[in-house]
Amino acid sequence: MQRQSLVEVRVLYFAKSRDLAGTAEEIIKVPDRVTSQLLLEIITDRHIELKTIQQNLILAVNQDYISEESGEIQLSTGDEIAVIPPLSGG
Amino acid sequence: MMESYISATDGDAKLQCELQEAKQVIKELKEKLNHYEQNENMQLCESTKEPENSSLLEVTQLTNRDIRRYSRQLILPEIGVRGQLALSNTSVLLVGAGGLGCPAAIYLAAAGIGHIGVVDFDHVELDNLHRQILHTEQRIGKSKSGSIATSIHNLNFSVKCQPYHLQLNKDNALPLIKQYDIILDCTDNVATRYLLNDACVLANKPLVSASALRFEGQLTVYNYDGGPCYRCLFPKPPPPETVTNCSDGGVLGVVPGIMGSLQALEAIKMAAGLTVSYAQKLLLFDALFGGFRSIKLRPKKKDCAVCGETPSVTKLIDYEEFCGAGPSDKCLSLHILPPEDRITVKELAKLLEETPLPILVDVRSPVEFEICHLENSINIPLAEIEKPDDTSFTEKVKQVSISRGLMDRDISVVVLCRRGNDSQKAIECLKTRMSSEIPVTLKDVIGGLSAWSLQVDPDFPQY
């Protein structure tokens with residue numbers, strides 16, 4: 001089995017997740033192979049406040065939606081992860 | 001003389017031509033008069049039933065007036081006569097006549113969409129006007145759907161516009177949506193978004209959805225061409241307390257303006273038979289940092305509760321129950337504190353005439369405090385108080401009580417905010433933390449500064 005290594009990715013927070021995380025973007029270290037659930041866990045563990053909307057977020061890697069159906073995702077340093085809750089105002 | 005003979009024939013032909021043109025003008029004026037009369041008698045529909053004689057004849061050719069009016073888009077090869085006729089024969093239903101609905105409606109009407117329906121239950125208010133750009137000062141208090149219909153008629157009388165002054169619900173949504181080809185979600189609350197999504201899936205209609213808050217906007221075309229529905233992406237509604245509305249969060253008017261214009265663009269492309277840009281894609285607009293991002297979305301989810309292979313939602317449900325919040329973006333009143341911990345604005349007015357004065361703590365954000373505040377109140381934002389290791393409250397209260405010479409008495413602190421919700425949260429948080437180092441009685445003000453303005457001081461601003 002290959003050993004997992006860590007990569008540096010840029011996480012962008014949108015809408016409510018930006019308020020809760022207290023930042024619009026940050027660079028974090030994550031394993032280079034993750035599932036969407038694990039990625040979500042890592043991000044919401046960093047910002048505990050995000051747990052309240054954990055089930056209402058979508059994640060995208062390099063502007064591609066990911067979900068549990070995507071299985072294990074290969075990440076590289078410099079990848080961009082977007083955390084997107086729905087907006088409902090109008 | 002040859003020359004005059006030719007001129008006479010030419011003159012005759014010219015007159016014939018002018019006569020034809022005049023006849024055309026008379027015909028158009030008659031049509032216009034007819035439309036204005038209809039507009040005068042235009043009734044706000046309070047049910048989903050179409051008014052009688054409302055059926056539209058298919059438009060099969062463009063009039064000279066159409067050619068002139070739409071010439072700048074008609075000469076686009078992607079539109080052409082075929083596309084323009086398709087627009088005339090398309091009906092679009094806008095749900096929500098606010099910040100998104102106004103720009104969407106007027107661009108649809110300008111482009112010549114044949115039939116536009118507008119649903120909204122609200123009336124025009126002064127604090128709508130910075131973003132809901134079709135409503136005017138003269139129309140404050142009037143129905144928003146009627147206001148948009150009037151604007152559409154003034155711009156393009158050939159568009160048939162039907163305003164519906166009603167709240168979309170599980171009983172009226174389907175009959176209404178079935179009458180239209182394309183649906184636009186221009187709403188401002190979670191419950192109506194799920195209702196509209198489910199109704200569009202059940203009626204098999206494309207849903208061009210947008211939203212905006214603060215400096216951000218989102219846009220997607222749902223339920224179209226194998227793409228996902230709203231539930232495929234967001235199967236569960238967010239907890240109501242995590243949802244920010246425009247009234248609390250604020251919104252820069254041009255942001256919904258841009259998103260609503262993009263909704264019109266997608267609807268026009270769909271109607272004209274062009275490929276839409278945001279089916280199975282989510283557009284994120286960030287007006288503060290100046291960026292558009294396009295996220296490629298998933299296809300339809302096989303196990304989606306409404307559009308999946310074996311749906312559990314086969315008819316419209318109770319969306320207020322599903323979302324834990326009603327179909328409005330109005331603010332809820334929280335009831336956290338027991339009545340004995342709360343005072344009314346009238347009681348506060350009395351307290352402010354007594355000595356010693358209570359210490360007034362305003363827990364709104366600094367930007368709101370700057371807009372308006374009560375004399376002698378001090379600003380300690382709720383966000384500060386909620387920090388686990390915060391000492392600013394105790395320190396400031398101590399400071400004020402020393403400067404007012406209150407130290408050896410039981411200090412009365414009145415906490416207030418905009419509507420009487422955050423003040424309760426603040427006290428709830430402080431109760432666990434206030435030690436016995438200073439004897440303090442904490443009360444919050446029911447209805448906050450908004451109630452103060454309504455019941456005590458009408459000169460105090462509302463926002």
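Since the structure is predicted, the reported quantities are computational estimates derived from the model, not experimental observations.

## Focus: the packing of helix α5 (residues 101–111) of chain B against helix α11 (residues 254–271) of chain B
All names here are of chain B. At a minimum axis separation of 7 Å, α5 and α11 run at an interaxial angle of 35°. Here α5 and α11 pass one another in a crossing that is right-handed. Residue-level inspection shows Pro103, Ala104, Tyr107, Leu108 and Ala111 of α5 in contact with α11, the latter providing Pro256, Gly257, Gly260, Ser261, Ala264, Ala267 and Ile268.

## As for the pattern of salt bridges
Under the criterion given, the structure shown has 21 salt bridges over all chains. Across the salt bridge formed by B:Arg214 and A:Asp19, the nearest N and O atoms sit 2.7 Å from each other. Of this pair, B:Arg214 sits in the loop between β5 (207–213) and β6 (216–222) while A:Asp19 sits in helix α1 (residues 15–21), each in a different chain. Given a relative accessible area of 38%, A:Asp19 falls into the partly exposed group. Note that B:Asp341 is salt-bridged to B:Lys431, the shortest N-O span being 3.0 Å. Of this pair, B:Asp341 sits in the loop between α12 (319–323) and β9 (342–343) while B:Lys431 is found in helix α17 (residues 422–431), placing the two residues 90 residues apart along the sequence. Of the residues examined, B:Asp341 reaches a relative accessible area of 15% and is grouped as buried.

## Digging into α11(B)
Residue and element names in this part refer to chain B. For α11, which comprises 18 residues, the first-to-last C-alpha distance of 25 Å matches the rise-based estimate of 26 Å (1.5 Å per residue) to within 8%. Across the 18 residues that make up α11, a large majority, 14, are buried. Positive backbone phi, at 85°, marks Gly273, one or two positions downstream of α11.

How each quantity is defined
- Residues numbered from 1 in each chain as written.
- Chains lettered and ligands numbered in written order.
- Predicted model: local features only at pLDDT ≥ 70, side-chain atom pairs only at ≥ 80, totals over all residues.
- Heavy atoms only, no water.
- Axes fitted to C-alpha atoms, helices over the stretch in contact; angles between N-to-C directions.
- Helix = DSSP H or I, 4+ residues; strand = E, 2+ residues; numbered from the N terminus.
- Left-handed = near helix turned anticlockwise from the far one by under 90°.
- Contact = heavy atoms within 4.5 Å.
- Salt bridge = Lys/Arg side-chain N within 4 Å of Asp/Glu carboxyl O.
- Buried < 20%, exposed > 50% of the residue type's maximum accessible area, 1.4 Å probe, protein only.
- Expected span 1.5 Å × (residues − 1).

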